[in-house]
Structures are given as C-alpha cells and as structure tokens.
Amino acid sequence: MSSIAIRAAVTADLGQIAEIYADAVIHGTASYELEPPSRAEMGSRFDSLMAGGFPYLVAEKNGIVLGYAYAGPFRPRPAYRFIVEDSVYVAPEAKGQGIGLKLMQGLIEAVQAAGFRQIIAVIGDGHPDSASVRLHEKLGFRHSGRLEGSGYKHGRWLDTVFMQLPMNGGALVPPDPDSLPEQRFRQQK
C-alpha cells in the first residue's frame, strides 16, 4: 500500500484536475461556476498561476491525482499583492481521507515561504457544517465575513463565507522587501 504524496502540480496532471473540478461544478456548490471549464481553459488558468509564481499542489497515490489545491491573487489591484485566495478540491472517491487537510497544510507552508501575509478562503455554500468551513477552521482560519444569498445554484440561494489566516506577521509588521509579492511588484513597475 503506497502513501499519498503531496507535490507540485505539472501540466500532465491537468486532465485529472479538470475531472475533479468538473465533478465539483456539476454536483457541488463550492464553485459558483455552472458549467465545467474545458481542459484548455483549466490549462490557461494553470499557466497563469505558474507564471505568477503561485503554489499549485496535487495529492497523488499510485499515479492518480486525488485532489489539488492552489493559491492565486485575491484581487488584481496592487495593494492586495500580499494576500492570496486558496482553492482546494478533492475527488469524490477520496473525500473523508484527510487529503484536503494534507493539501492545505502544504499550501499554507508554500504561501508562507513565499512571503505572503494572508490567505483568504472564499467558500461557496459556506454553511457552518460544510467540509470546507470545518477544514479551514481546523487550520486556524478565522471567520471574517458572509455574503448572504450571493449565489444561486441547484435551485437554491447560497451564502459565501470569507475566512482568513494571517502569517508572516500579518498586518502587524511592514512588508518584507524580499518576499515574492514585493519582488513581482518591483518587476512590474
């Protein structure tokens, strides 16, 4: 029996990643997309995150991708450059096995190492007993807001929950000039 490996995602993983996300879009309420994006669109999104230096991880067992997680820009305005938004999805057959936790632990470590100050979770259908809310709470995220009735999917209104996790001093200390977000900002100027 082999163990689950958490590793950086590569282009070859995109077919399995697209299948996991398609299931979440079609059957779930975590994503507010109504139609699954094509493999090409998923590739474009992946390439954009890689070009920005953002972490993108997969959980793999016996060559099969069981889940993925990534961090990307929270908002495009430059003052938000120290904040990332996380996304984590687990294949239906792998849910309840701790894969989301392992992915998020790896993602938090990678985001912290890059010098970001906050991770924001924007959780669709964020009712208190949702797996995503519970996962983020377990990892130390705190609730920071709720948008009631902000999405409509599968015949019902959904709330969006915001949670955040400060790191690297959060908002208590000035930015690190050697952090990834500061380096990218200086390069763009």
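Cut-offs applied
Within each chain, residues carry numbers counting from 1 in the order of the written sequence. Since the coordinates come from a predicted model, pLDDT governs what is reported: local features require at least 70, and pairs of side-chain atoms require 80 or more to be given and counted, while whole-chain, interface and lining totals use all residues. In computing side-chain values, all of the structure's heavy atoms are included and hydrogens and water are not. The helix count covers DSSP runs of H or I at least four residues long, the strand count covers runs of E at least two residues long, and both are numbered beginning at the N terminus. A 1.4 Å probe rolled over the protein chains alone gives each residue an accessible area, and that area as a share of the maximum for its type sets the label: buried under 20%, exposed over 50%, partly exposed in between. Stacked, tilted and edge-to-face are the three classes applied to pairs of Phe, Tyr and Trp rings, where Trp contributes its six-membered ring and a pair requires centres within 6.5 Å; stacked means planes under 30 degrees apart, edge-to-face means over 60, and tilted covers the rest. Look at NZ for Lys and CZ for Arg. If either is within 6 Å of the ring centre and within 35 degrees of the ring normal, a charge sits over the ring.

Q: Even after reading the chapter, I still don't get unusual backbone geometry, so can you show me in this structure?
A: Excluding glycine, residues mostly carry a negative phi; peptide bonds, for their part, are mostly trans. Although it is not a glycine, Asp125 adopts a positive phi angle of roughly 55°. One can find Asp125 in the loop between strand E5 (118–124) and helix H4 (131–138). Overall, the relative accessible area of 8% leaves Asp125 in the buried class. Phi is positive for His154, which is not a glycine, with a value near 55°.

Q: What should I look at first to understand the packing of aromatic side chains in this one?
A: Aromatic ring pairs are defined here through the distance separating the ring centres and the angle between the ring planes. This model, assessed by the stated rule, comprises nine aromatic pairs. Centre to centre, the rings of Phe46 and Tyr56 are 5.0 Å apart; their planes meet at 70°, and the pair counts as edge-to-face. One end of the pair, Phe46, is in helix H2 (residues 39–51); the other, Tyr56, is in strand E2 (residues 56–61), and 10 residues separate them in sequence. In this structure, Phe46 and Tyr56 share a single accessibility class: buried. When the ring of Tyr56 is compared with that of Tyr70, the centres are 4.9 Å apart and the planes differ by 25°; the resulting orientation is stacked. Taken together, the residues span a long stretch of sequence, with Tyr56 in strand E2 and Tyr70 in strand E3 (residues 64–73) at a distance of 14 residues. Put simply, the rings of Tyr21, Phe46, Tyr56, Tyr68, Tyr70 and Tyr89 pair up and form one aromatic cluster. We note Arg75 situated over the ring of Phe74; from NZ or CZ to the ring centre the distance is 4.2 Å. When the ring centre of Phe185 is taken as origin, the NZ or CZ atom of Arg81, which lies over that ring, is 3.9 Å away.

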